[in-house]
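Okay, here's what each chain looks like letter by letter:
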Amino acid sequence: MTQRALEQDKWLHAGLMGFSAAFFLALFSAQGGVEESIMLHLSVLLFSIALPLFTIFTILCMSLMNPNLPKGMFDTLQNSRWLFYARALSYASIYLAVMFLIGHFTLLAMFTFFIISAAIWWKLRGLILPDLERLQQEKQDSGIKTSPVAQAVRQAIDER
């Protein structure tokens, strides 16, 4: 991962952390309780998963930008399965939190949100998959070992 990509990740995670925190600030000033809606209940639960995860990822990105960081530490983190799964959990939780928040107001909008995002994912998957396969083949041809994260992404895509 380049320094520029790490900088972009830092801002992405910080923005999603702020979005999650803003949800709770808005919730505190809302009229009525969470108990009335199962959708809002689920949204609160999922935002409470996303907030600490994105906070940790923001701090981690800032720490990895330290020029005095030992070289092996960055590679170890980049190739770790737990980091891959924690990132997947954070993105899934914020996606579902927003979906359930929309569902709190109207189920039709929630289903529309889901259908449109699934269609976009399916289309992007079709556009990106050939490039991923080409890159993986180039790595294998050049003798570069594929990281566990790349292998997990590949396996997740193949299972779909």
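Residues numbered from 1 in each chain as written. Predicted model: local features only at pLDDT ≥ 70, side-chain atom pairs only at ≥ 80, totals over all residues. Heavy atoms only, no water.

Trainee: Summarise the overall build of the protein chain; cite the residues concerned and give the values.
Mentor: Scanning the protein chain for helices and strands turns up six helices and zero strands. When the helices and strands of the protein chain are listed from N to C terminus, the series reads α-α-α-α-α-α. Evaluated residue by residue, the protein chain yields a buried proportion of 29% over its 160 residues. Taking as baseline every contact in the protein chain between residues at least 6 positions apart, the subset at least 24 positions apart corresponds to 74%. With the model as given, the accessible surface of the protein chain reaches about 10700 Å², and the carbon-plus-sulfur share is 69%. (Helix = DSSP H or I, 4+ residues; strand = E, 2+ residues; numbered from the N terminus. Buried < 20%, exposed > 50% of the residue type's maximum accessible area, 1.4 Å probe, protein only. Contact = heavy atoms within 4.5 Å. Areas by Shrake-Rupley, 256 points an atom, 1.4 Å probe, with all protein chains shown as cover.)

Trainee: I'd love a proper account of the environment of phenylalanine 24, names of residues and values included.
Mentor: Mapped onto the elements of the fold, phenylalanine 24 is located in helix 1 (residues 3-28). With relative accessibility at 15%, the residue phenylalanine 24 sits in the buried group. If sequence neighbours within four positions are ignored, phenylalanine 24 has contacts with Val44, Phe47, Ser48 and Leu51.

Trainee: Lay out the packing of helix 1 against helix 4 (residues 81-105) with the relevant residues and their values.
Mentor: Interhelical geometry of helix 1 versus helix 4 gives an angle of 40° and a closest axis separation of 12 Å. By the criterion of interaxial angle, the relationship of helix 1 to helix 4 is oblique. Judged by the sense of rotation from one axis to the other, the crossing of helix 1 with helix 4 is left-handed. Across from Asp9, Leu12, His13, Leu16, Phe19, Ser20 and Phe23 in helix 1, the residues of helix 4 making contact are Arg87, Tyr91, Ile94, Val98 and Leu101. Counted by class, the contact of helix 1 with helix 4 contains eight nonpolar, two polar and two charged residues. (Axes fitted to C-alpha atoms, helices over the stretch in contact; angles between N-to-C directions. Parallel < 35°, antiparallel > 145°, perpendicular 65-115°, else oblique. Left-handed = near helix turned anticlockwise from the far one by under 90°. Nonpolar A, V, L, I, M, F, W, Y, C, P; charged D, E, K, R; others polar.)

Trainee: Give me the pattern of salt bridges: which residues, what numbers.
Mentor: Scanning the model with the defined rule gives two salt bridges in all. Across the pair glutamate 7 and lysine 10 runs a salt bridge whose closest N-O atoms are separated by 3.3 Å. Of this pair, glutamate 7 and lysine 10 both sit in helix 1, three residues apart, which is roughly one turn of the helix. The class of glutamate 7 is partly exposed, set by a relative accessible area of 27%. Look at lysine 10 and you get buried, because its relative accessible area is 15%. Two residues, arginine 87 and aspartate 9, come together in a salt bridge whose shortest N-O distance is 3.4 Å. Of this pair, arginine 87 sits in helix 4 while aspartate 9 sits in helix 1, placing them 78 residues apart in sequence. In this structure aspartate 9 comes out as buried when scored by relative accessible area, which is 13%. (Salt bridge = Lys/Arg side-chain N within 4 Å of Asp/Glu carboxyl O.)

Trainee: How would you explain helix 2 (residues 38-64) if you had to name every residue and give the values?
Mentor: The first and last C-alpha atoms of helix 2 sit 39 Å apart over 27 residues, in line with the 39 Å expected at 1.5 Å per residue. Its side-chain oxygen at 3.3 Å from the backbone nitrogen of methionine 39, serine 37 defines the N-terminal cap of helix 2. (Expected span 1.5 Å × (residues − 1). Polar contact = N/O pair within 3.5 Å; in protein donor to acceptor, adjacent residues only side chain to side chain.)

Trainee: Can you explain the packing of helix 2 against helix 4? Please cite residues and give values.
Mentor: The contact between helix 2 and helix 4 brings their axes to 8 Å, and the two run at 145°. Considering how the two elements wind past one another, helix 2 and helix 4 form a crossing that is left-handed. In terms of residue class, the contact of helix 2 with helix 4 is made up of 21 nonpolar, five polar and one charged.

Trainee: I'd like to hear about helix 4, residue by residue, with values.
Mentor: Taking 1.5 Å per residue as the helical rise, helix 4 with its 25 residues ought to reach 36 Å, and the 37 Å between its terminal C-alpha atoms agrees with that figure. The set of residues buried in helix 4 consists of Leu83, Ala86, Ser90, Ser93, Ile94, Ala97, Met99, Phe100 and Gly103.

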